[in-house]
Amino acid sequence: MEELEISQKFKDYFELNMEQILRYKHKGRKWVKINYEDILLFDCDLAEDLLNEPEEVINIGEAVLNELDLPNYMKLRIFNLPPNQEKQIWQVRGTDVGPFISLIGIINKIGDVYHECASIKFECPSCGNILNVLQEEGKELKSPTKCGCGRKGKLRALKKELYDVIKIGIIDDLMDESNQNRMVAKEKLAILSKDLTDELIDKELKVGRKVKLSGYFKYMQVKNSTEFKSIFYINYIEFVEVGWDIVELTTEDEKEFEKLSQDENLLQDMANSIADVEGFEQAKMACLLLLVGAPHLYDLNNHLQSRGTIHILLIGNPGVAKTYIAKRAGSISPINSFQSAATASGKGLVASVNQDKDLGMWVAYPGVVPMSHKGVVVIDEIDKTNPEDYGDHNNAMNDMIVPIAKSNVKAKLATETSYLATANPENRVFVNEISFYDQINMPKDFLDRFDIIFPLVTSQDKNKRDKIMDKMIGRHFDNEEDAVWKPKYNHNTIMKYIAYCRRKKPKPILSKSLSPLIKAQLHELMTPKGDNQERVSFRQLESLLRFAYASARLNLRDIQKEDILFSFELKKKSFSDLGIIDEAGNFNWAKLENVDIKKIKVEDQIKNILNMMFEEKGKEIDMQEVIMNCSKENIEEEDFDKYFAREKQKGNFFEPRRGKISKL
Ligand SMILES: [Zn+2]
């Protein structure tokens, strides 16, 4: 169609829809939102032209719109493009540059607000004529070299018209059904401008959020190169909700689930439906409860008191199916991702800060953890984590938010993400003689973030081993009747059921009457036999309550005695499998807290010897004498050397002369 014809059609369309336009006007909006379908119903040709040449057609439409009596310039924002215009990022090719398309993806970076020049007004010094020169995005500034009056040479620039721009990065959502076979997410740069940068939208712009954009690609030449990039100019942005909250449930589903919640074997049956792996019942049940989650608790000032996300660590020899279970369980969550800590080197699992060429600034890139916000992240071989990342993990797991302050980047990444991690024992395989807990080579602080740790060890029992093999061989049978593994629920049902529980029981009530039971159980769990010292850990208490909440939620009830007892059973199983509770039932506090009691005793003795000698001899004592006194108490010279070296480094002692010790 000719420009005039398009203009006329827009005039007619706006006249027909004047009421709608006036509504936007009265609200003081800077845009008019139009459903593409309405244009299609109004005029097929206009709708088609809009798809083929969106930039031109929208410009004409806006010119017509703004001839109306409007208080401010209004943009045309068009949404709901036909489904065949929908593209994933990886699908974008040269033929997609130009036409109106809707692009679906996840925001992975957000630039600062900058200002683009729309036009410049020039004045002719000779005749006083004023010329308004429109500027093109991404091109050099244009200025007139002559005036109508005959004057040649530069005119005087008067005023620049600027508008706001925010650049964002968009990547494929690998969880999207259309992308199931994609392994790598592709990235495109997209531009929000003018009214699309207002506070209402800016507030919603967060890395990790899924968006559906209407707009068009334009080519941009890479400087001093024959290469071109395609950049997406956004006309309309829509935030797409994902996760447990939007799982669709029918009334029939809800009826069925109410009945299901009464089933006594619900937890076991669902846990066993996670994966066709024999055994490891408690670990599977814990994984199911991780998906169900507990409520987050906030104090009166709205500060997080206790997170509701549950974190689980599965440790076992290679080939023991721990990754298999973790992956299967994780995949039930509507938001989930998988990453091996061993292959994530360089880029952090939580966040990394890099200079971004497209945005021209330092940017915080979210890792898989914030990308799985409100979902589950399965991290394989988490013991291979880059030591620099531990701090970020600690924040992500405990506070559900990671602050970033590196290279001028100040950002916060939301991480309401459950960790379902696996690790190998220190020497790749568990050695039977040593407690399993001593064979986990990870920092204590980090281990403490996990609500429960399960060592998965293949049974030595022949019958049990046969059962494992049966299940594995059964995977290869074609005939359904021969199937060895017959799960009661499929993953989709479990996902929907959990979504229902999370909605129906956002916060199961913990009644005060259960408090004595919880305290008694914790004392029993954590008091070593024959030891009167109280060893109760408040961290363990929090973890135990999380599982009790999840268990109650799964049964659509408030917390009951059974939920508490079950939660303690899980913990006991974990403690005894790890060797924190020994075969005789003795709880070993020093082991759990990684305290070397013998070392503490020896150091106390050395301290006493030194103190006594300083009291006796004054400022300076003889090192050989100290060592002699130590050996009288059966303290090895080596232990003294270690202790002394550390204290010297701390600045508590120094050597005034060779072989002499003084206090600072
Ligand atoms: Zn002039």
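Structural data are supplied above this passage.
These figures come from a predicted structure and were not determined experimentally.

1. With respect to a negative patch on the surface
On the surface, E2, E3, E5, D45 and E48 cluster together into a negatively charged patch. Mapped onto the negative patch, the elements with two or more residues apiece are α1 (3–16) and α4 (44–52). Tracing the backbone shows E3 in helix α1.

2. A word on unusual backbone geometry
Excluding glycine, a negative phi dihedral is what most residues carry, and trans is how most peptide bonds are arranged. The residue A321 is not glycine, and still its phi comes out positive at about 75 degrees. Since its relative accessible area comes to 24%, A321 is described here as partly exposed. Backbone geometry at E381 places phi at a positive 50 degrees, although glycine is not the residue there. As for its position among the elements, E381 is in the loop between β16 (376–380) and α12 (390–399).

3. Some details on the nonpolar core
One finds L313, I379, I382, Y419, M442, F450 and I453 to be the most contacted residues of the largest nonpolar core, which totals 52 residues. Looking at which element gives the most residues to this core, the answer is helix α17 (residues 538–554), with five residues.

4. Some thoughts on the sheet that holds strand β23 (residues 660–663)
As summarised here, the arrangement of the three strands in space is β21-β23-β22, forming an open sheet in which the pairing is antiparallel. Strands at the two margins of the open sheet, each flanked by one partner only, are β21 (620–622) and β22 (653–654). Looking at chain direction, β21 and β23 are connected through three bridges and run antiparallel. Bridge assignment links D622 to a residue of β23, and that residue is K660. Of the strands in this sheet, β21 and β23 are in contact with helix α21 (residues 623–632), which crosses β21 at around 60 degrees.

5. Describing the coordination of the zinc ion
For the zinc ion, every protein donor is listed as C124 (SG), C127 (SG), C147 (SG) and C149 (SG), and the spread of their distances is 2.2 to 2.4 Å. Coordination at the zinc ion is tetrahedral, judged from the four donor atoms that bind it and the angles of 103 to 115 degrees they form at the metal. Within one chain, the residues serving as donors to the zinc ion are arranged as C-x2-C-x19-C-x1-C.

6. As for α12
When α12 is considered as a whole, its buried residues turn out to be Y390, D392, H393, N394, A396 and M397. For α12, the elements touching its buried residues are β14 (351–356), α11 (368–371), β16, β17 (401–406), β19 (418–423) and α13 (444–447).

Rules of the game
- Residues numbered from 1 in each chain as written.
- Predicted model: local features only at pLDDT ≥ 70, side-chain atom pairs only at ≥ 80, totals over all residues.
- Heavy atoms only, no water.
- Patch = residues over 30% accessible without salt bridge, like charges linked within 9 Å, V, L, I, M, F, W, Y side chains within 5 Å.
- Areas by Shrake-Rupley, 256 points an atom, 1.4 Å probe, with all protein chains shown as cover.
- Salt bridge = Lys/Arg side-chain N within 4 Å of Asp/Glu carboxyl O.
- Lys, Arg positive; Asp, Glu negative; His and termini not counted.
- Charge placed at Lys NZ, Arg CZ, Asp CG, Glu CD.
- Helix = DSSP H or I, 4+ residues; strand = E, 2+ residues; numbered from the N terminus.
- Buried < 20%, exposed > 50% of the residue type's maximum accessible area, 1.4 Å probe, protein only.
- Core = buried A, V, L, I, M, F, W, Y, C linked by side-chain atoms within 4.5 Å.
- Pairing = 2+ DSSP bridges.
- Contact = heavy atoms within 4.5 Å.
- Axes fitted to C-alpha atoms, helices over the stretch in contact; angles between N-to-C directions.
- Donors = N, O, S within 2.8 Å, 3.2 Å for Na, K, Ca; no water.
- Tetrahedral: all angles 85-135°; square planar, octahedral: opposite > 155°, others 65-115°.

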